[in-house]
Each structure stands twice: as structure tokens, then as C-alpha cells.
Amino acid sequence: MITGYGHFAQLAESLQWDETAIDLTADAEAFPQLDQDEYDQVLGLLAGFCIGETSVATHLTSFNAAASSDDMMAEVFTAQARDEARHARFFDRVVREVCGVPGTNMTERVDALRDRVSPDLVELFEERLPAIAASVAEDHENLTAAVGLYHMILEGVVLTAGQHALLQTLKGLSVKMPGVVKGMELVLRDERWHIGFGSRIIQSADVVDDQMEELLTQGTKAASAWGDLIAQDDIAHVEHLHQRRLKSVGIKFW
Ligand SMILES: [Fe+2]
Ligand SMILES: [Fe+2]
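Per chain, residues are indexed from 1 in the order of the written sequence. Naming scheme: in the order in which they are written, chains are lettered from A and ligands are numbered from 1. Residue-level local features of this predicted model are given only where pLDDT is at least 70; pairs of side-chain atoms are given and counted only at 80 or more, and the full residue set underlies all totals for whole chains, interfaces and linings. For the side-chain quantities, the full set of heavy atoms in the structure was used; hydrogens and water were omitted.

Novice: What am I meant to see in the packing of helix α3 (residues 36-66) against helix α6 (residues 119-138) here?
Specialist: Two numbers describe a pair of packed helices, the interaxial angle and the distance between the axes. Here an angle of 0 to 180 degrees is reported between the N-to-C directions of two axes, which are lines fitted to C-alpha atoms, with helices fitted over the stretch in contact. Secondary structure elements are taken from DSSP: a helix is a run of H or I of four residues or more, a strand is a run of E of two residues or more, and numbering for both begins at the N terminus. It is at 9 Å that the axes of α3 and α6 come closest, and there the two elements cross at 5°. What the angle tells us is that α3 and α6 run roughly parallel. Taking contact as the criterion, the partners of G48, I51, G52, S55, V56, H59, S62, F63 and A66 in α3 are, on α6, L121, V122, F125, E126, L129, P130, A133, V136 and A137. Any angle that falls under 35 degrees is termed roughly parallel, while one over 145 is termed roughly antiparallel, one within 65 to 115 roughly perpendicular, and all others oblique. Here, two residues are considered to be in contact whenever any of their heavy atoms come within 4.5 Å of each other.

Novice: Mind showing me how you'd approach the coordination of the iron ion (ligand 1) here?
Specialist: Between any two of four tetrahedral donors, the ideal angle at the metal is 109.5 degrees; between two of six octahedral donors, it is 90 or 180 degrees. For Na, K and Ca the donor cut-off is 3.2 Å; for every other metal, N, O and S atoms count as donors within 2.8 Å. Water does not enter the count, which can leave sites looking incomplete. Each protein donor to the iron ion (ligand 1) is listed here as E53 (OE), E53 (OE), E84 (OE), H87 (ND1) and E191 (OE); together their distances run 2.0 to 2.6 Å. Counting the intervening residues between successive donors of the iron ion (ligand 1) yields the motif E-x30-E-x2-H-x103-E. Think of it in three bands: residues with accessible area under 20% of the maximum for their type are buried, residues over 50% are exposed, and the middle band is partly exposed, with areas taken using a 1.4 Å probe on protein chains only. Here E53 falls in the buried class, since its relative accessible area comes to 0%.

Novice: Would you explain the coordination of the iron ion (ligand 2) in this entry?
Specialist: Summarising the metal site, the iron ion (ligand 2) is bound by the protein donors E84 (OE), E155 (OE), E191 (OE) and H194 (ND1), whose distances to it range over 1.8 to 2.2 Å. Classification of the site at the iron ion (ligand 2) as irregular follows from its four donor atoms and the range of 92 to 169° in their angles at the metal. All donor residues of the iron ion (ligand 2) come from one chain, and their arrangement in sequence is E-x70-E-x35-E-x2-H. Between the iron ion (ligand 2) and the iron ion (ligand 1) the interatomic distance comes to 3.3 Å, and E84 is a ligand of both metals. Of this pair, E84 sits in helix α4 (residues 71-97) while E191 sits in helix α8 (residues 178-204), and the two are 107 residues apart along the sequence. Geometry assignment treats four donors as tetrahedral when all angles are between 85 and 135 degrees, treats four as square planar and six as octahedral when opposite donors are over 155 degrees apart and all others between 65 and 115, and treats everything else as irregular.

Novice: Teacher, can you tell me more about helix α10 (residues 232-248) here?
Specialist: Counting along an α-helix, one turn takes 3.6 residues, and residues three or four places apart therefore face a common direction. Helix span is expected to be 1.5 Å times the residue number reduced by one. Between its terminal C-alpha atoms α10 stretches 25 Å, which fits the 24 Å expected from 17 residues at 1.5 Å a residue. For α10, the full list of buried residues reads I235, V238, E239, H242, R245 and L246. Projected down its long axis, α10 shows its buried positions confined to an angular sector of 125°, all on one face. In α10, the exposed positions that point more than 90 degrees away from the buried face belong to D233, R244 and S248. Elements in contact with the buried residues of α10: α7 (143-171), α8 and α9 (209-222). Here the arc refers to the directions that run from the helix axis out to each C-beta atom.

Printed below as a string of C-alpha cells:
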């Protein structure tokens, strides 16, 4: 049994940041100057993050209860949930203050943005994740499979692909959006340890080869859920990362 979740708790504590402290003034001035293609791509990627982070922040609570036999693992899930809630608040702040998306609360703004992403992306976060979170709440034995979907596929593939694509897009714009870049980099830094934590759980569990193969297949398929919002090269890159990560946690059919 591999232990050592305490390292992630310390890391989480040392990486705290405040989403309200990021200055979005220049971003709010730049956004209306984007041309139509840039506008659609930036808002589409942000829409995916609003949907994704809101959903992961909500459903991580079931994982926490399932980890109750391991106090340190439960503590790390709590720290991660705090990060995910911050990420959801950050992207909501961006779409509200920079993009002017209407709505009196986060839920209404997510509703307003849903049409900007593919049904496949919505299904992953709003159907598959809630279903597996419910199965964990019912039977704690399902925790490993749930971590496989959440940490390895949704965070390790889908969100990672979107994060890199957004950073690349923002850096290539004719106008600068430094506040969104800064926040995105901080989110990415958090996501790195979240994925490391999930990998450690998978590594410690007795995952059989066909489950690993399923993770590989699902991850490869999920990488395409962003549709046209992400370039084919970037999708291939995260698929490769996903394969390497699975290999490092003990996949045996290479
Ligand atoms: Fe997140
Ligand atoms: Fe995360």
C-alpha cells in the first residue's frame, strides 16, 4: 500500500490564492475588441470551464465521505474541493466581469453559456460525473473508478486540454488579457497536484488491466469533447500525456 497523502495536504496549503485579488481591468477593456472568431473561442473555452469547475466542485463531496477510512486522504479531498470551488468562482468572475455574461448567479450564467460547448462536454460533467459520484455515495468501493473518471479523465485530459488551449489562445491575441492568463496559470498549478493525488490513489488501488484499458480508451475519446474549440495537435498532446500517466501508475499492456 503506497501512502503519503500528507504531502498533498502540505502542497495544497502552500499554494492558496485569492481569485478576487486578480486584476481583470485590462481584460475587460480588451475582450470587446476581439474579432468574432477570437471572441467565440475564448468564450467557448471559458464556458467549458464554468460548466466543468462548477460540476467538479459540487461532486467531490461524495469522494470525501468515501475516503473516511483514511483521514489524510479525506483531508486532501477537502483541500481539493476548496480549490475547485475557487476555480468555479474565478471563471464565473471572468465571464461576468470581462465577458458581460448576464445572470444573477453562477447557475444562471452556466445556463446562459451551455450552448457554447458541445453536448459531449456537457454530458461528461453533468451526467457521467454526477452518476459516478452518486455510485460512490452508495458504495465506497467505487471510489477508485470515480477517481479514474474525475482525476484521470476529466482533470487529466479534458480540463488539461482546455487549459493549455486557453493559455495558447490568450497569448496569441492581438490584445492582452493578463488577468485571465494569471488566473489560468494558478488554476493549472492547482490541477497538477490534483492529478498527482488522483494518480497516487489509482496506483495504490488494485486496478486490473481491463479497468486500465478502459481508462485509456475513455480518456482518448474524452479528449475530443471540446470539438472545434481545441486544435487536433493539442488533443493529440493530452492523449499522449494521459497514456504516459497511466503507464507510470502501473498499466501493463505496453
Ligand atoms: Fe479545478
Ligand atoms: Fe482539480
